[in-house]
Amino acid sequence: VSCLGPVAVSACVPGFFEMANDFGVSFVAVQQTMTVYLAGFALAALVVGAMSDALGRRTVLLAGMALFIAATIAALAAPAFWIFNVCRVIQGMGAAVGQVVTLAMVRDRWQGLDAAKMNGLIAMFFAVSPALAPVVGGFLVVHGSWHAVFVFLIGYADRTAAVFHRRVESGEI
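On a predicted model such as this, the values are computed, not experimentally measured, just so you know.

Caption draft 1: Structural view of helix H3 (residues 27-55). With 29 residues, H3 ought to run about 42 Å at 1.5 Å a step, and its terminal C-alpha atoms sit 41 Å apart, in line with that. The complete set of buried residues in H3 reads Val30, Thr33, Tyr37, Gly40, Phe41, Ala44, Val48 and Ser52.

Caption draft 2: Looking closely at the environment of Ser52. Tracing the backbone shows Ser52 in helix H3. Between the alpha carbons of Ser52 and Val100 there is a distance of 9.0 Å; along the sequence they are 48 residues apart. Excluding its chain neighbours within four sequence positions, the residues that come into contact with Ser52 are Arg57, Val60 and Val101.

Caption draft 3: Quick look at the environment of Arg57. With respect to the helices and strands, the residue Arg57 is situated in helix H4 (residues 57-77). Given the relative accessible area of 15%, Arg57 is considered buried. When residues no more than four places from it in sequence are discounted, the contact partners of Arg57 are Gly49, Ser52, Val101, Ala104, Met105, Arg107 and Asp108.

Caption draft 4: Spotlight on the packing of aromatic side chains. Applying the stated rule across the entire model yields ten aromatic pairs. When the ring of Phe23 is compared with that of Trp146, the centres are 5.8 Å apart and the planes differ by 40°; the resulting orientation is tilted. One end of the pair, Phe23, is in helix H2 (residues 16-23); the other, Trp146, is in helix H7 (residues 146-169), and 123 residues separate them in sequence. Across the pair, exposure class does not vary: Phe23 and Trp146 are buried alike. Note on Phe84 and Trp146: the rings are 5.6 Å apart at their centroids and 85° apart in plane angle, and the pair reads as edge-to-face. Note that Phe84 is positioned in helix H5 (residues 81-109) and Trp146 in helix H7, a separation of 62 residues in sequence. Comparing Phe84 with Trp146, the two get one shared label, buried.

So, how was this worked out
Residues numbered from 1 in each chain as written. Predicted model: local features only at pLDDT ≥ 70, side-chain atom pairs only at ≥ 80, totals over all residues. Heavy atoms only, no water. Helix = DSSP H or I, 4+ residues; strand = E, 2+ residues; numbered from the N terminus. Expected span 1.5 Å × (residues − 1). Buried < 20%, exposed > 50% of the residue type's maximum accessible area, 1.4 Å probe, protein only. Contact = heavy atoms within 4.5 Å. Phe/Tyr/Trp six-rings, centres within 6.5 Å; stacked < 30°, edge-to-face > 60°.

The structure is reproduced here in structure tokens:
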């Protein structure tokens, strides 16, 4: 869940030239989509913790994943570049939920060395995912288009939310 943010920001990088051509904008303009994504991520990270305290971890996490999926679908269908950028801001907001809520869940469930081990595991995945995401994105762009990256992100977020939901329902989380 916590890897969704870095995967979503890095996986689409190999498709930047194709995006620029499709939207009729400069490569530099497409690079700015990373900035708007990270701005949405940062803004949401400021409030998600308090929201998950008030509304519950499960509710906020699943709502964030749904927001991410909806924004990604809208980005795929965006008829104009400015709409695509708005979708990227919202995508970043949805992705921030995973990072913030997973850390809060570790704090809720574990203490001491066990919490440190779990946070280390999360940090490892969070660090490795931006390195692997462009490789996956490059494969998808070469064998499809930049749209394939966004379809992959929808599937990744959907499956992650489904696994989280099942584990919560079974009492594992």
